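What the coordinates show
Below are the chains, spelled out letter by letter.
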Amino acid sequence: MMNKTRQYQQGLSLIELMIAITLSIFITAAMITLFVNSKQNYRLNENMSRLQENARFAVSFIARDLRMADYRTCVTADRRADAIAGTNDLGVNGSDTVTIIWQTNECGATPSINTTTYSIRTGSSGEPALFRSINGVNTELVEGIESLQVLYGEDTDNDDAPNYFVDSASISNMQQAISVRLTVVARTLETNLTTAGGRITRNFTSTVTLRNRLP
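Cut-offs applied
Residues numbered from 1 in each chain as written. Predicted model: local features only at pLDDT ≥ 70, side-chain atom pairs only at ≥ 80, totals over all residues. Heavy atoms only, no water. Helix = DSSP H or I, 4+ residues; strand = E, 2+ residues; numbered from the N terminus. Pairing = 2+ DSSP bridges. Axes fitted to C-alpha atoms, helices over the stretch in contact; angles between N-to-C directions. Core = buried A, V, L, I, M, F, W, Y, C linked by side-chain atoms within 4.5 Å. Buried < 20%, exposed > 50% of the residue type's maximum accessible area, 1.4 Å probe, protein only.

Here the focus is the environment of Arg56. Position of Arg56 relative to the elements: it lies in helix 1 (residues 14–66). In this structure the C-alpha to C-alpha distance between Arg56 and Gly136, which are 80 residues apart in sequence, comes to 25 Å.

What follows covers unusual backbone geometry. In the Ramachandran plot, Asp70 falls in the positive-phi region, its phi being about 70 degrees despite a non-glycine side chain. As for its placement among the helices and strands, Asp70 is situated in the loop between helix 1 and strand 1 (84–87).

Here the focus is the sheet that holds strand 8 (residues 177–187). If you walk across this open sheet you meet the four strands as 7-6-8-9, and the pairing is antiparallel. Single-partner strands in this sheet number two, and they are strand 7 (164–166) and strand 9 (201–209). Averaged over all adjacent pairs, the angle separating strand axes in this sheet is 25 degrees, with direction ignored. Here three bridges tie strand 6 (residues 145–154) to strand 7, and the two strands are oriented antiparallel to one another. The residue of strand 7 that forms the bridge with Tyr152 is Val166.

Membership of the largest hydrophobic core comes to 30 residues, with the highest contact counts inside it found for Leu66 and Tyr152. Those elements giving two or more residues to this core turn out to be helix 1, strand 2 (97–103), strand 3 (113–122), strand 6 and strand 8. No other element matches the seven residues that helix 1 contributes to this core.

Written as structure tokens, this is what we have:
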């Protein structure tokens, strides 16, 4: 019986080597694409979460102080003419401002007035942010807030319900304002999140009742 000599492969042919290199390139490219897409999705989700959180904080800060407008320890039937005021489209990115006044001391004492103003200004990072001024002392509250728009619900027939919402320049009598509608425009802190390479912005609207002006 004849012995057959085993033949072992001594290497790769040029064609086999080129095929192996091509497949490796495709696999590497697919892995890089998967990594880049995963990283972009992570950035997008993280920025959107931060955007929503910033907007929620901004609205809650303003709404809480709006509910204090026209508060006085000793209840009176009249309304302060300056308990709430605002400017229209004069701030950063055409933003409004809103100013709220209420009394902070005990009944019978000399009135101690708290004056709080919310506005959009350029923050410490160079980006627009929500600022709060309490009795003239400014504080940066929330970054990434691009714009603040404020409408006032005016009650013209004394039925304790707003007849319409208008800006501060159009309201006929601010003492008749019984609610405020806020629109906060928040944006992502990072760029390159859209196909155009820009930021993502979202509008958040809330209507707040001025409870100290209702029965």
